[in-house]
Amino acid sequence: MDFGGMPHTVGGGGKRIHIHFRVPFFTKWGQSLMLVGEGALLGNWSTKRGTLMRCHHEKEVLVWEALVTLPWAPCYKYKYVLVDGKD
């Protein structure tokens, strides 16, 4: 996870941060990774409302990534969920 710089102020005066989530993880055809977590902006732990991650190869490794903008907080609870294309 990369905290894309210091918090910055936007529109309503609240501080927001860009968080870059990145995880090497091998998936089978039709599977993907979803980022879910605590709070509405991370989907309230629901794979129906979480952030679908994008993947690419780095040599022989499959890497999944997502960039999320959130209000500044000292801690966020999150997890990666393996989603089958049939779900």
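Above this text is the structure in question.
Here is a short report on the structure shown in this document. (Residues numbered from 1 in each chain as written. Predicted model: local features only at pLDDT ≥ 70, side-chain atom pairs only at ≥ 80, totals over all residues. Heavy atoms only, no water.)

Further remarks concern the nonpolar core. Ranked by internal contacts, the top residues of the largest apolar core, which has 13 residues, are Phe21, Leu35, Met53, Trp64 and Val68. Broken down by secondary-structure element, the contributors of at least two residues to this core are β2 (15-24), β3 (31-37) and β6 (61-71). Counting residues per element, this core draws most heavily on β6, at five residues. (Core = buried A, V, L, I, M, F, W, Y, C linked by side-chain atoms within 4.5 Å. Buried < 20%, exposed > 50% of the residue type's maximum accessible area, 1.4 Å probe, protein only. Helix = DSSP H or I, 4+ residues; strand = E, 2+ residues; numbered from the N terminus.)

Taken together, three strands build an open sheet; the order of strands is β4-β3-β7 and the sheet is antiparallel. Two strands in the sheet have a free side with no partner beyond their single neighbour: β4 (51-52) and β7 (78-84). Of the strand pairs in this sheet, β3 and β4 are connected by two bridges, and their pairing is antiparallel. Residue Met34 lies in a different strand from β4, and its bridge partner there is Leu52. (Pairing = 2+ DSSP bridges.)

Now for the environment of Gly39. Note on placement: Gly39 falls in the loop between β3 and β4. Each C-alpha atom of the pair Gly39 and Lys77 lies 8.8 Å from the other, and the pair is 38 residues apart in sequence.

Turning our attention to the pattern of salt bridges. In total, this model carries two salt bridges according to the counting rule given. When the shortest N-O distance is used, the salt bridge between Arg22 and Glu58 registers 2.6 Å. Here Glu58 lies in strand β5 (residues 54-58) and Arg22 lies in strand β2, a separation of 36 residues in the sequence. The class for Glu58 is partly exposed, based on a relative accessible area of 34%. Close ionic contact of Glu65 with Arg22 constitutes a salt bridge, the shortest N to O distance being 3.6 Å. (Salt bridge = Lys/Arg side-chain N within 4 Å of Asp/Glu carboxyl O.)

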